[in-house]
Structure formats: structure tokens, C-alpha cells
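Descriptive analysis of the structure
Residues per chain are reported as follows:
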Amino acid sequence: ARMSQRQRADSTGSLGPDDEVMPYSDDETDDELDASSEGEPEDDLCVCVCVYLLSVVLDLGWSVKSNDRAYHQLPEFQRKVFLCIKKSKYSGNGIKTYKYNAITFIPLNLFEQFKRAANLYFLALLILQIIPEITTLPWYTTLVPLVLVLSITAIKDLADDLARHRMDKEINNRKTEVLLDGGFQETKWMDMQVGDVVRLKKNDFVPADILMLSSSNPNSLCYVETAELDGETNLKFKLALKITDEKLQQEHQLAQFDAMIDCEEPNNRLDKFTGTMQWSRHSYPVDLDNILLRGCKIRNTDVCHGLVIFAGADTKIMRNGGKTRFKRTKIDILMNYMVYSIFALLILVALGLAIGHGFWYEQIGSLAWYLYDGADQSSVYRGFLSFWGYIIVLNTMVPISLYVSVEVIRLGQSKFINWDLQMYYAEKDTPAKARTTTLNEQLGQIEYIFSDKTGTLTQNIMAFKKCNIGGKTYGENLSPWLPVDFGWNQYADPKFEFMDHSLVACIRSKQDQETLEFFKLLSLCHTVMVEHKEGELVYQAASPDEGALVTAARNFGFVFLHRTQDTITIKEMDHEATYQMLALLDFNSDRKRMSIILKFPDGRIRLYCKGADTVIYERLSPHSLHQETTQTSLDIFANETLRTLCLCYKDISQAEWDEWSRKHTAASIATRDRDAALDQVYEQIENDLLMIGASAIEDKLQDGVPETIANLAKADIKIWVLTGDKKETAENIGFSLLVLVCFACSQPHLQIALDKSVPKCMSNIGFDVNAWQVDFVDMACECEAVICCRVTPKQKANVVSLVKKYKKAVTLSIGDGANDVNMIKTADIGVGISGQEGMQAVMSSDYAFAQFRYLERLLLVHGRWSYIRMCKFLRYFFFKNFAFTLVHFWFSFFNGFSAQVAYEDWFITLYNVCYSSLPVLLVGLMDQDVNDKLSLKFPKLYLPGQRGALFNFKKFFISLFHGIFVSLIIFFIPYGAFLQTMGQDGEAPSDYQSFAVVTASSLIITVNLQISLETSYWTFVNCFAVLCSMAIYFGIMFDIHSAGIHVIFPTYFTFTGTASNALRQPYLWLTIILTVGISLLPVICIQFLSKTIWPSVGDKVRPHPPDAEEKRPPTFQRGGRSRRSGYAFSHSRGYADLISSGRSIRRRPTVAGGAQKRNV
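Not measured: the values here are computed from a predicted model. Residue positions are counted from 1 within each chain, in the order its sequence is given. In keeping with the predicted nature of the model, local features appear solely for residues at pLDDT of at least 70, side-chain atom pairs appear and are counted solely at 80 or more, and the whole-chain, interface and lining totals rest on all residues. Values reported for side chains reflect all heavy atoms of the structure, with hydrogen atoms and water molecules removed beforehand.

**Concerning the overall build of the chain**
To keep it simple, the criterion reads: Secondary structure elements are taken from DSSP: a helix is a run of H or I of four residues or more, a strand is a run of E of two residues or more, and numbering for both begins at the N terminus. We call a residue buried when its accessible area falls under 20% of the maximum for its residue type, exposed when it is over 50%, and partly exposed in between, using a 1.4 Å probe and counting protein chains only. Residue contacts follow a heavy-atom distance rule, with two residues in contact if any of their heavy atoms lie within 4.5 Å. All accessibility values rest on the Shrake-Rupley procedure with a 1.4 Å probe; residue burial counts only the protein chains present in the view.
Along the backbone of the chain there are 38 helices and 33 strands. With 1160 residues in all, the chain has 57% of them scored as buried. Partitioning the intrachain contacts of the chain with sequence separation of at least 6 by distance along the chain shows that 76% fall at a separation of at least 24. Within the structure as shown, the chain displays about 48,900 Å² of accessible surface, and the carbon and sulfur contribution to it stands at 58%.

So this is what it looks like as C-alpha cells:
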């Protein structure tokens, strides 16, 4: 199949020519080249004219000369890279994906980290602490946490970059054969250059973007696997130009090859390439069919030769390795606003305390002789210095370790998703995969799900179930007979099942010509490629639908055997017949049909056509029989959610064919709007058709899909199905999925078919499109379910974007194919299904798994848990920092607002690092309010996340006031206890250092017990973390208060003996217990009252074990009226371009493959 996308003609119901062109990265090139050659011109004059026109229209700014390395180093190809240093614009083939080397790692990594506002803020604080007149804290109180945070991030970045170094080294040192000095020599990939001729062998990776010159296969076909490009493992094929195929087979011929290639500049478009080859005074068009892209793997081809066009960083796969859309969660955005709020609060508090210091010094400090410090400074200047001092003292209000802690929690939550065996699909050995670590909590806030249908909700495995031939329906299983035995057919597919024995009897009797004609059409009218493997036939089809139809014909005795560019050979029951293919009128989503014109062995010319009933019935002859009976069968098939096609034919006279052939030839060599010209010519021949019958194919639902959708709906998640199918099919699928309920249901529902021309028409007649969009979103969002039909990939993304824009809702898109990539990237969360259509959706997604039913567990269990854990972590994190920092604020009223700290310096340094970090991290990783079974059984538990009820500005201010209250208690109770105190030994422990120890001890015990009250799911690890944190605090405190460490570092450890002296006083222990008790008592009371008087849904369901599963409603309810099924056809072009391109496939090819694209 041709890999290049051809521009489609505008037609009614199309937004534009490029609606279905799928970019493979976000770096979309706007001014791409749209022209590509179609077929092989019949003479050199046509080639030259076409190439000349292309050269005029297109700016082909990249020139490559074969076997001439010196040419690409000429001055005109030099570009300035730095000052006067110039370098060739042609990249070498060595790649560099790593970011750092041994010299640049430290400065570059630090530069990147200090681009984050929080890190830059703490660096500024560190600089302030170095200024003697300002500093109120030692420099290490900020340096130690900052260095720890920077080091953790740097180690992670270093590990990632070392892996990239290893990968680059392995790839750059791969070997390939390059034509040098008249012969092929083994060369490292990194030493290849643009213009080199290379030889590739079977199972070799393609080392650069290469123009294919010749291969060992007939017509220089080359089969490639593109798994590293798009994740797809089915084989695709490339082909060389006819001229190079004929003249460049031998080594000496390749050595004399001196062509000049003019083509587009390097870009990231994997789906197009445009250029020309000038050789021996002739020019030849080059397109994507002739290009082997770097990253492909040679398959089923012994040897092929090629010319390097783009190397290294200029190759398309490397150009696609760059920018991606950065997605941020609502909590991320909210958290940033809260950090800004904390910073503003810090400024205001520091400013207020600085003003207080100015007044205090004016009225008290300047008059007290014992406070004279020898500095002749005004009260205003002292207030200015005090402001910066308080910025330093209160800096812990802005949490330095917050972002690192959040990343650790998200990483752990992602691992839990990856390790979940209940989301593992054993049949394909496919586990769930969190492809990002930044969006987990957003999974607990989804309001809208946008789902593709085919392959996402269904299996995308097609089976031929029923048909109507000559007005009679076959396929009904009216008796308990066994499936039809196809043992009489040596080519029968053993996996094929059919229940109606009468159809086989009718065919084998050869009495009913319409039945024979029906299956003959199925075996001839298609673009399937066939491979003969170990005596078996293996079909490669552009879509599962087409493969199912050809397989059905094969089992009923009409076996497609092989084809060339102009013949098709089939086995009709007991004899082979070869038909000359005069023309192949390929399918596209505008035509909704395909036709083939054949010349029979007896000389007759006949057109066979298959397509959607909506387009076939418009083109039937008035004399066609069985129209009404066939339509009745179509309605019945549609009501059973089967995918249908109408089959018809037309006999053509020789004169009619000759006249039409001339028009077709003229249209096929048109240089502009070729597709539009061809479509017009096709319309002239596809009329007055005679109906043969209709086929019906089943695409089964995946297991558990209706139940999953029903449970998600109970969680108030609205499901929108975006499909390329027709309205009737989508409506039927909606009923079978329980997206839609029966018409008698009281709940509102609506089925919406998006007419693609509506926005265009409304804008043309003066309507406000923005107002229309708002009305559409408002109307649709009032519905329980919405099904959008006939939507292109671009429109899928637009629908998602509209809901995000006007509803400010959290959205999730899920799909399985390349045409879902835009939708997946546009939504807040993108989920890829690893199904039958390759891995492009998975590679563009944030989360991936194998079955739609796993979405229920991803959202209701992992998403909900992640949201609750993150909210609990953030609330507690802000609380503990406020409780810790605001003690300095209260202390300021008793120290003349002098920016004196209330704690020991090392306690300030280690508080967030060692004393209070581990318990809250474990809560963020492991906490559960209810288990997974209850989370699935009671979907209403999901509602708080959608409403953002667990973390918002209200919760933030509650944490702030809670922190203010605890800091008030922690300061004033010890302060009151220390006013008039006498120890047992007659010594007064009411000194500043003992006060700092008691305050710090009260704080550590309080915050660790507070997180214990917040913990819903206790494990040994949680218990150990709480006890260990307090033990670490006391252990480190006694160590740094010891005389030994004071002797070694007398300047940095000044609280010598304070801990042992203070904590041996029972009075102070009672003070600590009283402080902790009063701090926690309100929390205990509020929790008790809330759980008894105002219990949440989680509080209500927690005590109850999950009951037996409720009886599910039937997955399909038949409506009262008939519903027409969608046509069973691929929505992408088939292999017609290659088949009819003039490249004769003289031998039976070993394999044929094509990119599967499904309905859009």
C-alpha cells in the first residue's frame, strides 16, 4: 500500500482535505509538500514535464549526490554554528540523544534545576544568609535541604542520561556495508554520510533515511517492519524506481551511479516525502514509497541497496524525538497557586514584623543602654534589615521538598499500576503500563470519557456471519446443527465458522448463479495481498473487514490465490481462472465504496462494486432486482449490530470501456487535483448497477464493556463515543453497550450525529460559530450519553477540545488506532488500547492496557486512591510546615521582632528532611480509605474527586488555620510553663535553649501523631515510619547536643548538654504531653463528630464487606424500530495504488502487508 497520504477532493461532509492526515508528533510542519507521484509515467517526456512542474511548485532545497562525499562539503553547503566556525548542513549519521557529558553535567543540570522557581528562591535565600547584617540563620540550614533536593534530582537525571549514552553508543557502533573505493566495506553507522550507497540484508535495521535503488525481490520490492516508528509489527513494502531496478543490480553498476537527488528539507513527517532524481539527463519523481526510513527492519528480502538521503539528526525518526505536549493536573495548577499564595503571605508577614521591629526599636530598643550594639542605624534601616531576616527565618513556609516528595509519590503510584495483576491480559502477555508519572491523581477526577468504538469497545476481529443473496437470507441458525464442515475445500480456513448448511449446498450444486456471482465478487473485488507460507495461504488486508470477506469467499470455494499488477487468479470451486484487471477504483471515506473492472477469460468486461448501502442504492439501475428485500435484510442485520456491505455489478461494452479508459488515463496523469479528477471519472462508470446482495460481518464487543460503562456511569462519569461509523450503527452499539437505554427510560438521552458541514454552513450564512459551539456543548453535556458519528480524527480532537474549553472539565480519551492519536493527545488523560491496529495509540498515550474493561479499575481504584493520597499528603504537608514555621512568628512578639529563631539551627535544617518526611510519604503511597473491591462496588465513592472536594483553597486555608492553632499551642503552653519554673535540683530550666528543645519535641510528636490520625490503612511500615521518625529526632538531638561534637565543631553545635539537661526534668515532659494533647484533642473530636453525625460515603461503606455481585442487566436490548448498520469497510485506502502502479508482481510475493487503519 502506498504510504504517502494523498490529498482528497473536497466534498460535502468533509472539513477539508487533510482531516485524516495523522501527524506522528506534535512538531507539525505547516508548509509540507502535498504533491506525490501516482503510478509510473508511460514515457520520459511525461516524467520530465511532471518533475519540472513539481520543481516549480515545490521548494526542493536539499541536494544529494551519490557516491560523492566531497560534494556535500562544498562551501555553499556550509552553515555557521558558532562565531566564525562553519559546518556542513548535512548531518553525520552518528546520533546524540544524551543531554550531558562529563564536563557539562554539573553546570547544565544545575542550570536546568534553577529554572524552577522554588529552587531559585532558595538559592536567593542562601545568598541572603551569607550577608552578615541580614542573616539570622546559619547558611547550612538552607544549604543542606537544597543540596539534598538538587542531588536527588541530579542522580535521577544522571541515571536517565547514562542509559541514553549506552543506547547511543550501541546504535552508533552498529555495522553496515557502505560502497567505498569501488566495493562494499563494513562501516559503523556513525561513519556513514549523506550520498553513500549502502547494502542491507535480511533482518538489518535501516541506518538512515535511504532512497531504495534495487533489491533481490521481483520489481525491487522490499518488505519492512516499522515497529520502532509506529509500533506496528505487520509488514509494509517499499519499492525502487523502475529505472534503478533495471540498471543498479550489480556492484560495479552501483559504483558508477552518479545521480543527483533534489528533495524537501529534513522534516518530521513520517507520512510523506517529495523529491526528484536526475540521472543520465532524465528526471524521475521520488515519493515515500521509494524511501526506507531509519528505524525500519528489513524483512523477507535477502538484499537491497539504497542511497543515504537524510542521516543522523536529519532523519525523520530523530526529528520526531523532540517536543511533546506537557500535561499538568488540576492539583498541580492548584498547588502552584497555593505556593504563590504562601509566598505572598510570607512577604506580608515579614513586612508586618519588620514594621513592628522599627516601632519597637524607636520606642524601646534605642532607649535601652544594654541593647546598644554599636551600630549607628536608624529604625527604618533596622526594619529593612529585619524584613530580610524574617524572609530567611520564615522561608520554610515555602516547602522546598514539596515537589520532590510529590514526584516520589507519583512514581510509586505509577509502579502500583504497572504491577496490578488484575489489569494484566494473559492472552497477549500485556500488563498495564503507566507511561507517565505526572498524571496519576488526575485519574481520580475524570468527568468525561471520549471513546473510540472499533477496536476499543469492540474486538476489531471480524467474522462473516450472514448474507443476503438474490433476496434470500443465509446464516440463520434455525436448528441445533453443528457448524458447516468445509473439509471438501482444501483451502478452507479451519478457524472460519458458519452455521447455515443450506448456503454450502446451494454453492456446491452450482445451480444458483447469483450465489456464485456473490462469492466471486468477494474473491475479486478487494486489495488484499496474499502470501504462500508453507503451503498455506496468508492474507494481508488493509482492514479486518476486507480480510473477513475474502476469507469467507475462500471457505465457500472461491479462493483468491495470487495477483500481478494486471491480473487476479482465483480458484472457482474446482478450477482456476485468471481475470485481467483493467482498473481498480479504490476506496476512500468520501466514496464509501470500491470497484474493480475485470476482463473475463471469455472477453466480457464487468465492473464489480461493494460499498455502503447509502451510496450503492443511489447508483442502482431502476431495473435492479431485490432492492426491497435486500434493504429489509440490511435493517435486520443492523438491528443485530452487524456491519454491512452491498454488492453489485455492471456489464460494460468494449466501446464504453474504451471511452472511459481514455478519461481515466488522462485523470491518472493529472499534475494537479489528481484525486478529484479520478473521483469524477469514477462517478461516470459507477452507475446503473445491478444488486447481487449484502454481506453482514460481526465485530464482537470486548468482554466486560457494558458492565464497565454502566459502573462508570454510576460514578457520574459521562461517556461519549466518537466513531467513524454511520448513525444507525453507532445507535445500535450504544444500546448494546448500555450507553443508551431503551426509549421508555425516564433518564434523558440523546444521539447526536455530527454533520461535518454544519459549522461551515453556519459560518457561511452569518452565524456565530463560537455561539454554536457553546450551544452544542451545553446541549450535549445535559445528556446522559452522546454518540458522535462520522467524525474524522481531527473532529474527534475538536470535540474533546470543546468540552475542555467550555466546561473546564477533566477529560479522558481512549482509543486503539492511529486515527485516535489526536484525540488521545488533546485530552487531559490519554489511554491507549494495545489491540489489532498497531501501537500508535499506545505510543501517544499516558496509560496503556489491553482491554477496555481495565479502565474501570484504573479510574475507580488507582485513580481514586491516587487522588485521595495526594490530597491527604498536600493537606498534611502544608499543615506541618505552617505549624513549624509560625512558632517563629509568635516568638517575635517576645524578642523585639529581632528575627531570632525559636529552634536550634540543626532542628530547622533536618525537620523536613528527617523528622517528618517518611510517614507522610508512606501515606501518599499506600493509604486506602476502602479496599479495591468496595471501590468498584460503590462507584459513588468517586464523586469527591470530580468535585475537587478533598483539596482546594478551602482545604488549604483549613490547613493554614490548623497550623496556626498548633503553632500557637506549641509556643504558648511551653512559654507559660517556663515563666516561673524550678527544677527538682533547684536549677531553673527556663532558659532559651531548654525552651527550644521542649517546643521542638512537642512539634515532632504532634505532627507524627497527627499523620497517624490521618492514616486510614495501617501496615507495619506505617507504624515503623512514625516511631522511627520520632526515634531519629531524639537520637540526632542527643548526638548534636553532646559535648564530643561540640569540641570538634564548636561554632556549629552550641546547644551542648541542653537535651540531656532539659529532658531529665519530669515537669518538662508533662509540658510536652500537655502541649501534644491540647494540639490533637480538637482534631480527635472533629473526626469523631464528622464520622458519626456527618459521615462520608467512604465512612458508610467501610464497615461493610462487599456483597454478592448484583445481577447485571442484559447487554443488548432490541429496540422497536430497525436500525441500519454501518458499512463494513476500512476507512483508509487499500493496496490499489501499488497493485495498479505498473510494478508487475511477476512471482507470488512472500509476504504482503499494509498498515491497518480502522474506521475514522
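**Digging into the nonpolar core**
For the record, the criterion: Put simply, buried Ala, Val, Leu, Ile, Met, Phe, Trp, Tyr and Cys residues joined by side-chain atoms within 4.5 Å make one nonpolar core.
One finds Leu 402, Phe 873, Leu 874, Phe 878, Phe 907 and Leu 1003 to be the most contacted residues of the largest nonpolar core, which totals 94 residues. Residue contributions to this core peak at 17 residues, all from helix α26 (residues 854-892). Not counting residues up to four positions away in its chain, the partners in contact with Leu 874 are Ile 331, Met 335, Leu 402, Val 406 and Phe 951. In this structure, Ile 507, Ile 568, Phe 600 and Tyr 649 belong to the second largest nonpolar core, which totals 54 residues.

**What to know about helix α28 (residues 918-926)**
Of all the nine residues making up α28, seven are buried; the element is thus mostly covered by neighbouring parts of the structure. Residues of α28 that are buried: Pro 919, Val 920, Leu 921, Leu 922, Val 923, Gly 924 and Leu 925. As for α28, its buried residues are in contact with α11 (402-418), α26, α32 (992-1014) and α33 (1020-1040).

**Structural notes on the pairing of strand β29 (residues 718-722)**
To keep things clear, this is the line we draw: At least two DSSP bridges between two strands are required for those strands to pair.
The buried fraction of β29 amounts to four of the five residues, a majority that puts the element mostly inside the structure. Two elements, strand β17 (residues 448-451) and β29, share four bridges in a ladder whose sense is parallel. Each bridged residue has a counterpart across the sheet, and for Tyr 448 the counterpart in β29 is Lys 718. In this sheet, strand β30 (residues 785-788) lies alongside β29 in parallel orientation, the contact comprising four bridges.

**Focus: the UniProt feature "transmembrane region" (unreviewed entry) in the chain**
Test applied: UniProt positions are given in the numbering used here, feature names are shortened, and annotations may be inferred rather than shown by experiment.
Sites flagged by UniProt as "transmembrane region" (unreviewed entry) map to residues 337-360, 380-406, 873-894, 906-926, 956-980, 992-1011, 1023-1049 and 1069-1090. Counting secondary structure, residues 1023-1049 comes out at 89% helix and 0% strand; the distance between its end C-alpha atoms is 35 Å. Secondary structure within residues 1069-1090 divides into 100% helix and 0% strand; the distance between the first and last C-alpha atoms comes to 32 Å.

**Looking at the packing of helix α9 (residues 330-363) against helix α31 (residues 953-979)**
How two helices sit against one another is set out by the angle between their axes and by the gap between those axes. Operational definition: Only the stretch in contact is used when fitting a helix axis, every axis being a line fitted to C-alpha atoms; angles between N-to-C directions are given from 0 to 180 degrees. Orientation is classified from the angle alone, with under 35 degrees giving roughly parallel, over 145 giving roughly antiparallel, 65 to 115 giving roughly perpendicular, and any other angle giving oblique. Less than a right angle of anticlockwise turn of the near helix away from the far helix marks a crossing as left-handed, whereas a clockwise turn marks it as right-handed.
At a minimum axis separation of 11 Å, α9 and α31 run at an interaxial angle of 40 degrees. As judged from the angle between their axes, α9 and α31 are oblique. When the axes of α9 and α31 are compared, the crossing they make is right-handed. From α9, Leu 334, Tyr 337, Met 338, Ser 341, Ile 342 and Leu 345 reach across to α31, where they touch Phe 953, Phe 956 and Leu 960.

**A few points about the confidence of the model for the chain**
The criterion, for reference: On a range of 0 to 100, pLDDT expresses the predictor's confidence in each residue.
The predicted model of the chain has a mean per-residue pLDDT of 79, with 81% of residues at 70 or higher. In the predicted structure, residues 1-59 sits below a pLDDT of 50 and forms 137 contacts with residues beyond four places in sequence or in another chain. Taken as a whole, residues 1107-1125 scores under 50 in pLDDT and shows 51 contacts with residues more than four places along the chain or in a different chain.

**Here we look at the sheet that holds strand β1 (residues 62-65)**
Judged by pairing direction, the sheet is antiparallel, and its four strands sit side by side in the order β1-β10-β11-β12 without closing on themselves. A strand with exactly one partner marks an edge of an open sheet, and here the two such strands are β1 and β12 (282-287). The average undirected angle you get between the axes of adjacent strands in this sheet is 20 degrees. In the sheet, strand β10 (residues 260-263) pairs with strand β11 (residues 274-279) via four bridges, with the strands oriented antiparallel. Residue pairing for β11: Cys 263 is matched across the bridge by Gly 275.

**A word on empty space enclosed by the protein**
To find leftover empty space, a probe the size of one water molecule is rolled over the atoms. Applied cut-off: Cavity means a closed set of points on a 1 Å grid over the protein atoms alone, one where a 1.4 Å probe fits but cannot get out, pocket means an open set with protein on both sides within 12 Å along at least 5 of 7 lines, and lining means a residue has an atom within 4 Å of a point. Grid points are joined across faces, edges and corners, and a volume is the space filled by probe spheres set on the points. Residues are grouped as follows: Ala, Val, Leu, Ile, Met, Phe, Trp, Tyr, Cys and Pro are nonpolar; Asp, Glu, Lys and Arg are charged; all remaining types, including Gly, are polar.
Applying the stated criterion to the full structure yields eight cavities of 30 Å³ or more. In this structure, the second largest cavity encloses a volume near 130 Å³. In terms of lining residues, the second largest cavity is bounded by Phe 122, Thr 141, Thr 142, Pro 145, Asn 395, Thr 396, Ile 400, Ile 908, Thr 909 and Asn 912. Those elements giving two or more residues to the lining of the second largest cavity turn out to be α4 (140-172) and α27 (905-915). Split by residue class, the lining of the second largest cavity holds four nonpolar, six polar and no charged.

**A short note on the packing of aromatic side chains**
Going by this rule: Within 6.5 Å between ring centres, the rings of Phe, Tyr and Trp (the latter by its six-membered ring) count as paired, and their orientation is classed by plane angle as stacked under 30 degrees, edge-to-face over 60, tilted in between. Put simply, a charge is over a ring when the Lys NZ or the Arg CZ is close to the ring centre, within 6 Å, and near the line of the ring normal, within 35 degrees.
Counted according to the given criterion, the structure contains 67 aromatic pairs. Residues Phe 953 and Phe 957 carry aromatic rings whose centres are separated by 6.4 Å and whose planes lie at 35 degrees to one another, so their mutual orientation is tilted. Of this pair, Phe 953 and Phe 957 are both found in helix α31, four residues apart, which corresponds to roughly one turn of the helix. A relative accessible area of 31% means that Phe 953 is categorised as partly exposed. Given the relative accessible area of 39%, Phe 957 is considered partly exposed. Taking the centre distance of 5.7 Å and the plane angle of 15 degrees together, the rings of Phe 971 and Tyr 975 count as stacked. Remark: Tyr 975 and Phe 971 occur in helix α31; sequence separation between them is four residues, near one turn of the helix. The exposure class of Tyr 975 is partly exposed, given its relative accessible area of 28%. Above the ring of Phe 205, the side-chain terminus of Arg 174 is found at 4.7 Å from the ring centroid. The aromatic ring of Phe 938 is capped on one face by Lys 937, whose charged end is 5.8 Å from the ring centroid.

**Section: the sheet that holds β29**
Taken in spatial order, the seven strands make up an open sheet running β16-β33-β32-β31-β17-β29-β30, and their pairing is mixed. Where the open sheet ends on each side, the last strands, each with one partner, are β16 (433-434) and β30. Where strand β31 (residues 811-815) and strand β32 (residues 829-833) come together, four bridges link them in parallel fashion. Bridge pairing in β32 places Ser 813 opposite Gly 830.

**Some thoughts on the side chain of Ser 215**
Within the secondary structure layout, Ser 215 lies in strand β7 (residues 209-215). In this structure Ser 215 touches Ser 220, Leu 221, Gln 249, Thr 301, Val 303 and Cys 304, once residues within four positions along its chain are discounted.

**What to know about a nonpolar patch on the surface**
Here is the rule we go by: Residues qualify for a patch when their relative accessible area is over 30% and they have no salt bridge, like charges being joined within 9 Å and the nonpolar side chains of Val, Leu, Ile, Met, Phe, Trp and Tyr within 5 Å. By convention in these notes, a salt bridge is any Lys or Arg side-chain nitrogen within 4 Å of a carboxyl oxygen on Asp or Glu.
Among the surface-exposed residues, Ile 333, Tyr 337, Tyr 340, Phe 953, Phe 957 and Phe 961 lie close enough to one another that they form a single nonpolar patch of about 630 Å² accessible area. Looking at the nonpolar patch, the elements that each hand over two or more residues are α9 and α31. Structurally, Phe 961 can be placed in helix α31.

**Details of the pattern of salt bridges**
Taken as a whole, this structure holds 34 salt bridges when the rule is applied. Arg 643 serves as the salt-bridge partner of Asp 545, at 2.8 Å between the closest nitrogen and oxygen. Note that Asp 545 is positioned in helix α14 (residues 544-555) and Arg 643 in strand β27 (residues 643-652), a separation of 98 residues in sequence. A residue is classified by how much of its surface remains accessible, and Arg 643, at 2% relative accessible area, is buried.

**Section: the pairing of strand β4 (residues 175-180)**
Pairing geometry for β4 and strand β5 (residues 183-188), over six bridges, is antiparallel. Within the sheet, the bridge partner assigned to Leu 179 lies in β5 and is Phe 184. The hairpin turn running from β4 into β5, its antiparallel successor, is two residues long, and Asp 181 in that turn takes a positive phi close to 55 degrees. One ladder, built from two bridges, connects β4 with strand β6 (residues 197-201); its direction is antiparallel. What sits directly across from Glu 177, in β6, is Arg 199.

**Things to note about unusual backbone geometry**
A positive phi is found at Asn 67, a non-glycine position, where the angle reads about 55 degrees. Note on placement: Asn 67 falls in the loop between β1 and β2 (78-82). Its relative accessible area of 30% is what places Asn 67 among the partly exposed residues. Its identity is not glycine, yet Met 573 carries a phi of approximately 60 degrees, on the positive side.

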